[in-house]
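So you can see what is in the structure, the chains are spelled out below.
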Amino acid sequence: MDYRTLEEIRQRKNELRLQIDHDSQHINQLWNTLIVKPSQSTKGQFVASLLSHSALAIDAFLTFRKLRKNYAPLLASFKKK
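Residues numbered from 1 in each chain as written. Predicted model: local features only at pLDDT ≥ 70, side-chain atom pairs only at ≥ 80, totals over all residues. Heavy atoms only, no water.

*Asks:* Sorry if this is basic, but what is going on with the overall build of the protein here?
*Replies:* When its secondary structure is counted, the protein shows two helices and zero strands. The globule rule puts the C-alpha radius of gyration for 81 residues at 12 Å, and the 30 Å found for the protein is more than 25% above it. If you line up the protein on its principal axes, its C-alpha atoms span 80 × 50 × 15 Å. Entry remark: accessible area of the protein is about 8,600 Å², with carbon and sulfur atoms responsible for 61%. (Helix = DSSP H or I, 4+ residues; strand = E, 2+ residues; numbered from the N terminus. Rg over C-alpha atoms; globule rule 2.2 N^0.38 Å. Areas by Shrake-Rupley, 256 points an atom, 1.4 Å probe, with all protein chains shown as cover.)

Right under this line is the structure:
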């Protein structure tokens, strides 16, 4: 697009500024809907969450221990002597 006067440049600059502001507001609105603060949980929900995470941690530990026990001889064969 050719601009012939300073007034045309100023007008285009203002149009672009309005478009950028509009896009910025739209992005902020989408961002705020994406990030939602978790609601306050009750004591029952807290205990249930704690038990769930504890069970997951124990399960992961036992799985690691079992894999390490079963595959330790295989891994030892790759070590340099």
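Additional details are given in the paragraphs that follow.
*Asks:* Just to check I follow, could you spell out helix H2 (residues 43–76) for this structure?
*Replies:* Each full turn of the α-helix corresponds to 3.6 residues, which orients residues three or four apart in the same direction. Here H2 spans 48 Å end to end across 34 residues, near enough to the 50 Å set by a 1.5 Å rise per residue. Asn70 marks where H2 bends most, by close to 45°; the proline Pro73 follows one to four residues later. (Expected span 1.5 Å × (residues − 1). Bend = angle between axes of the 7 residues up to and from the residue.)

*Asks:* Whenever I open this one, the environment of Lys37 confuses me. Can you help?
*Replies:* Relative to the helices and strands, Lys37 resides in the loop between helix H1 (6–34) and H2. Separated by 17 residues in sequence, Lys37 and Ser54 have C-alpha atoms that sit 24 Å apart.

*Asks:* Sorry if this is basic, but what is going on with the environment of Ala60 here?
*Replies:* Within the secondary structure, Ala60 is located in helix H2. Sequence separation between Ala60 and Arg4 is 56 residues; the distance between their C-alpha atoms is 70 Å.

*Asks:* I keep staring at the pattern of salt bridges and nothing clicks. Help me out?
*Replies:* A side chain of one charge can pair with a side chain of the opposite charge if their charged atoms are brought near each other. Evaluation of the coordinates by the stated rule reveals one salt bridge. Arg12 serves as the salt-bridge partner of Glu15, at 3.6 Å between the closest nitrogen and oxygen. Of this pair, Glu15 and Arg12 both sit in helix H1, three residues apart, which is roughly one turn of that helix. Residue class for Glu15 comes out partly exposed when judged on its relative accessible area of 39%. (Salt bridge = Lys/Arg side-chain N within 4 Å of Asp/Glu carboxyl O. Buried < 20%, exposed > 50% of the residue type's maximum accessible area, 1.4 Å probe, protein only.)

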